Amino acid sequence: MIYYVIKVVLTAILIVAIAETAKRSTLFGALIASLPVLSILAMFWLYYDTHDLQRISALSTQIIWLVIPSFIFFIALPILLKNGFHFYLSALISILMTSVGYLLMILLLKQIGIKI
């Protein structure tokens, strides 16, 4: 049980650190957020829990493919905000668009024979 508490606390600290850094400098906040720190943490937790290198390799490969549609969010959000949409509406639309992008990417990969 303590292990799960440690995992949650460390992950939460990272997210809060990014948000607090972004208050002072959006560039440094973006730099920290753009690092694959959460992915790396997930891989460390997965290795610690399972020692399954194949699973870690699969996770890494799947992350690569799913990063591509995640760009939709980061393109749509500033466009919507600059066009006067409210933040929450912009975020919701961006999330929905990104979700569709994920679905399309998964279908495309399946169509061309890449297992994800």
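One can find the structure itself at the top, above this paragraph.
If you're wondering where the values come from, they're calculated on a predicted model, not measured in any experiment. (Residues numbered from 1 in each chain as written. Predicted model: local features only at pLDDT ≥ 70, side-chain atom pairs only at ≥ 80, totals over all residues. Heavy atoms only, no water.)

Caption draft 1: Geometry of the overall build of the protein chain. Assigned secondary structure in the protein chain consists of 5 helices and 0 strands. For the protein chain, the α and β elements follow one another from N to C terminus as α-α-α-α-α. Compactness check: the protein chain gives a C-alpha radius of gyration of 17 Å against a globular reference of 13 Å for 116 residues, more than 25% above the reference. Here the C-alpha coordinates of the protein chain stretch approximately 50 × 40 × 25 Å along the principal axes. Relative to its 116 residues, the protein chain shows a buried fraction of 17%. Contacts spanning at least 24 positions in sequence make up 48% of the contacts within the protein chain whose residues lie at least 6 apart. About 8,800 Å² of surface is accessible on the protein chain, with carbon and sulfur atoms providing 76% of the total. (Helix = DSSP H or I, 4+ residues; strand = E, 2+ residues; numbered from the N terminus. Rg over C-alpha atoms; globule rule 2.2 N^0.38 Å. Buried < 20%, exposed > 50% of the residue type's maximum accessible area, 1.4 Å probe, protein only. Contact = heavy atoms within 4.5 Å. Areas by Shrake-Rupley, 256 points an atom, 1.4 Å probe, with all protein chains shown as cover.)

Caption draft 2: Inspection of the environment of E20 at higher detail. Here E20 is to be found in helix α1 (residues 2-24). Residue class for E20 comes out partly exposed when judged on its relative accessible area of 32%. Residues E20 and I79, 59 residues apart in the sequence, show an inter-C-alpha distance of 24 Å. At a separation of 2.9 Å, a polar atom in the side chain of E20 contacts the side chain of K23. (Polar contact = N/O pair within 3.5 Å; in protein donor to acceptor, adjacent residues only side chain to side chain.)

Caption draft 3: Highlighting the layout of surface pockets. If you add up the space inside the largest pocket, you get close to 820 Å³. Those elements giving two or more residues to the lining of the largest pocket turn out to be α1, α2 (26-34), α3 (37-50), α4 (53-82) and α5 (87-111). It is α4 that contributes the most residues to the lining of the largest pocket, 7 residues altogether. (1 Å grid on protein atoms, 1.4 Å probe; cavity = no way out; pocket = protein on both sides within 12 Å on 5 of 7 lines; lining within 4 Å. Points joined across faces, edges and corners; volume = space filled by probe spheres on them.)

Caption draft 4: How the structure looks around the packing of aromatic side chains. Going through the model one piece at a time under the given rule, you end up with 5 aromatic pairs. With centroids separated by 5.0 Å and ring planes inclined at 35 degrees, the aromatic side chains of Y3 and Y48 adopt a geometry described as tilted. With a gap of 45 residues between them, Y3 in helix α1 and Y48 in helix α3 connect regions that are remote in the sequence. With a relative accessible area of 55%, Y48 lands in the exposed category. Members of the aromatic cluster, connected to one another through ring pairs, are Y3, Y4, W45 and Y48. (Phe/Tyr/Trp six-rings, centres within 6.5 Å; stacked < 30°, edge-to-face > 60°.)

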